[in-house]
Amino acid sequence: VQLQASGGGLVQAGRSLRLSCTTSARTFSTWSMGWFRQAPGKEREFVAAIGYRDRRKYYSESVKGRFALSRDNVQNTVYLGMNSLKPEDTAHYYCGTNPYYSSSHLQDSRYYDSWGQGTLVTVSS
């Protein structure tokens, strides 16, 4: 499965960005989708995910209340709206597909079987 992530860029703290992750695969609606990020010198960390079955959304504590996840099964796209960005949000953001829908599976990168190429978000202070 090929995923195409886009929407990253350089923004000032407090501003907003919206990331997109799209695929041409017809089975998009049968996958849960998640976003992870990786800052220089750090491990990849969970950001947000949405289940394919119940559309339930999960967020890390560091982004809860600032980021919003949505998916469009017609456009085969998942969106990550990021508001009130902080310098610590600076990272490469990766979207991935996950065949499960439980909270524990969606927050664990080991259960993701396809990844996009990543899009860089840089937040200046």
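Just above, that's the structure.
Let me begin by describing the structure that accompanies this report.

1. Remarks on the pattern of salt bridges
Phase 1 of the analysis: Counted by the stated rule, this structure contains five salt bridges.
Phase 2 of the analysis: The residue E45 makes a salt bridge to R37 at a minimum N-O spacing of 2.6 Å.
Phase 3 of the analysis: You can call E45 partly exposed: its relative accessible area is 35%.
Phase 4 of the analysis: Judged by its relative accessible area of 5%, R37 falls in the buried class.
Phase 5 of the analysis: Overlapping salt bridges bring together R37, E45, R66 and D89 as one network.

2. Some details on the state of the cysteines
Should the sulfur atoms of two cysteines be covalently bonded, the bond is a disulfide.
Phase 1 of the analysis: According to the stated counting rule, one finds one disulfide in the structure shown.
Phase 2 of the analysis: Between the sulfur atoms of C21 and its disulfide mate C95 the distance is 2.0 Å. In this structure, the disulfide formed by C21 and C95 twists by about 65° around the S-S bond and is classed as right-handed. Of this pair, C21 sits in strand β3 (residues 17-22) while C95 sits in strand β9 (residues 91-98); the two residues are 74 residues apart in sequence, bridging distant segments of the chain.

3. Some words on the environment of M82
Phase 1 of the analysis: By the element assignment, M82 lies in strand β8 (residues 77-82).
Phase 2 of the analysis: When its relative accessible area of 0% is taken as the criterion, M82 is described as buried.
Phase 3 of the analysis: In sequence terms M82 and R15 are 67 residues apart; their C-alpha atoms lie 8.4 Å from each other.
Phase 4 of the analysis: Ignoring any residue separated from it by four or fewer positions in sequence, one finds M82 in contact with R15, S16, L17, L19, R66, F67, Y93 and V121.

Thresholds applied
Residues numbered from 1 in each chain as written. Predicted model: local features only at pLDDT ≥ 70, side-chain atom pairs only at ≥ 80, totals over all residues. Heavy atoms only, no water. Salt bridge = Lys/Arg side-chain N within 4 Å of Asp/Glu carboxyl O. Buried < 20%, exposed > 50% of the residue type's maximum accessible area, 1.4 Å probe, protein only. Disulfide = S-S within 2.5 Å. Helix = DSSP H or I, 4+ residues; strand = E, 2+ residues; numbered from the N terminus. Contact = heavy atoms within 4.5 Å.

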